[in-house]
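Descriptive structure summary
Listed below are the residues making up each chain.
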Amino acid sequence: MNILLEFFVVTFRVLWAFVLAAAKWLVRPKEKSVAGQVCLITGAGSGLGRLFALEFARRRALLVLWDINTQSNEETAGMVQHIYREMAEEAAAAAPGDGEKDVLPHCNLQVYTYTCDVGKRENVYLTAERVRKEVGEVSVLVNNAGVVSGHHLLECPDELIERTMMVNCHAHFWTTKAFLPKMLEMNHGHIVTVASSLGLFSTAGVEDYCASKFGAVGFHESLSHELKAAEKDGIKTTLVCPYLVDTGMFRGCRIRKEIEPFLPPLKPEYCVKQAMRAILTDQPMICTPRLMYMVTFMKSILPFEAVVCMYRFLGADKCMYPFIAQRKQATNNNEAKNGI
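Summary of the structure given here. Here the structure is a predicted model, which means the values were calculated and not measured. Position numbers for residues count from 1 along each chain, tracking the sequence in the order it is written. Local features in a predicted model are, by the rule used here, given only for residues with pLDDT of at least 70; side-chain atom pairs are given and counted only at 80 or more, and totals for whole chains, interfaces and linings are based on all residues. Working from all heavy atoms in the structure, the side-chain values ignore hydrogens and water.

A word on helix H2 (residues 47-58)
- Under the DSSP-based scheme used, a helix requires at least four consecutive residues in state H or I and a strand at least two consecutive residues in state E, with every element numbered from the N terminus. Each helix should span, by expectation, one fewer than its residue count multiplied by 1.5 Å. Spanning twelve residues, H2 covers 17 Å between terminal C-alpha atoms, matching the ideal 16 Å at 1.5 Å per step.
- Throughout this description, buried means an accessible area under 20% of the type-specific maximum (1.4 Å probe, protein chains only), exposed means over 50%, and partly exposed covers the range between. Among the twelve residues of H2, ten are classified as buried, and the element is accordingly described as predominantly covered.
- Of the residues making up H2, those classed as buried are Leu48, Gly49, Arg50, Leu51, Phe52, Ala53, Leu54, Glu55, Phe56 and Ala57.
- Buried residues along H2 sit against strand S1 (38-42), strand S2 (62-67), helix H3 (70-93), strand S4 (140-143), strand S5 (189-194) and helix H7 (268-280).
- Arg60 sits one or two positions beyond H2 and adopts a positive phi of about 65°. The contact criterion used is simple: two residues touch if any of their non-hydrogen atoms lie within 4.5 Å.

Some thoughts on empty space enclosed by the protein
- Any residue with an atom within 4 Å of a point lines the site, the site being either a cavity, points on a 1 Å grid over the protein atoms alone where a 1.4 Å probe fits but cannot get out, or a pocket, an open set with protein on both sides within 12 Å along at least 5 of 7 lines. Grid points are joined across faces, edges and corners, and a volume is the space filled by probe spheres set on the points. Counted under the stated rule, the structure contains two cavities of 30 Å³ or more.
- Taken as a whole, the largest cavity encloses approximately 40 Å³ of empty space.
- Lining the largest cavity, in full, are Tyr243, Leu244, Cys253, Arg254, Ile255, Glu260, Leu263, Pro264 and Pro265.
- A per-class count over the lining of the largest cavity returns seven nonpolar, no polar and two charged.
- If you add up the space inside the second largest cavity, you get close to 30 Å³.
- Lining the second largest cavity are Thr42, Val118, Asn143, Asn144, Ala145, Val167, Ala171, His172 and Thr175.
- If one sorts the elements of the lining of the second largest cavity by residue count, helix H5 (residues 158-186) sits on top with four residues. Polarity classes work like this: nonpolar for Ala, Val, Leu, Ile, Met, Phe, Trp, Tyr, Cys and Pro, charged for Asp, Glu, Lys and Arg, and polar for all others, with Gly in that last group.

Right under this line is the structure:
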């Protein structure tokens, strides 16, 4: 009898969860403040990582930027400092008592840069220790760093496959293990996993990338369940799964030309703004565009051959082939120039 009663309670809670989810679509939740909190972003030197850094800077977070490329990481830091200066000038120009009262003096806003190869475990742990000593404990962790090999499976060197898995998947384990203990102690924090729609459904020619992103999604979901089981509701998680983003990472990728106008590559700025809205409202998952939710659902219920038919109709089955061909040609040109 107890299990029957519990079944009805669970059913009610599931239905109530649907009601709350629908309400959030109609009434936009209030965004939380990250002012003064330490936000660490991996892969901050370019692409989405740089845009995430600028968005968090506008919300007066203290930025910790990690990237393997020191020069590009410093360029991002320069952009962040420019935003900080603009906000300080606006605050100084505002008359006392006008506008909202600042939560954190603008003079306290700083950005810290670290050259770190997240694909190397010891490098991650050593850099994380430096961050704790020089900056403090991290409140918001954005695992964004990612790479792609751009080779068919049988043409891809084992070293590149391992590199893809290390950066796109394993690094999430190392960074989380480095900063989660303090979050658990304080029951406060936010872990963001920037994955991909290719972590929810796959395509041909990028087996290593798809595997790494599926791994990142699985890691994130399991971690979210672990935090719930431990009743650490103060630690939030957000999974970001965008469709193809126009950052140049997959330059040349094409779907069927008749479909392309309805499903063009996402503008990076749009993708990050959507992700920031999800992060700041504690949304567990965000797929952009929303059509990706439907694609994921259909992939889950349709027979495999039906999925193949749908992929072929959309031109998604071989969409990566032009990208791989461009990468191969670029590699051959570089080898020819270097006399290899």
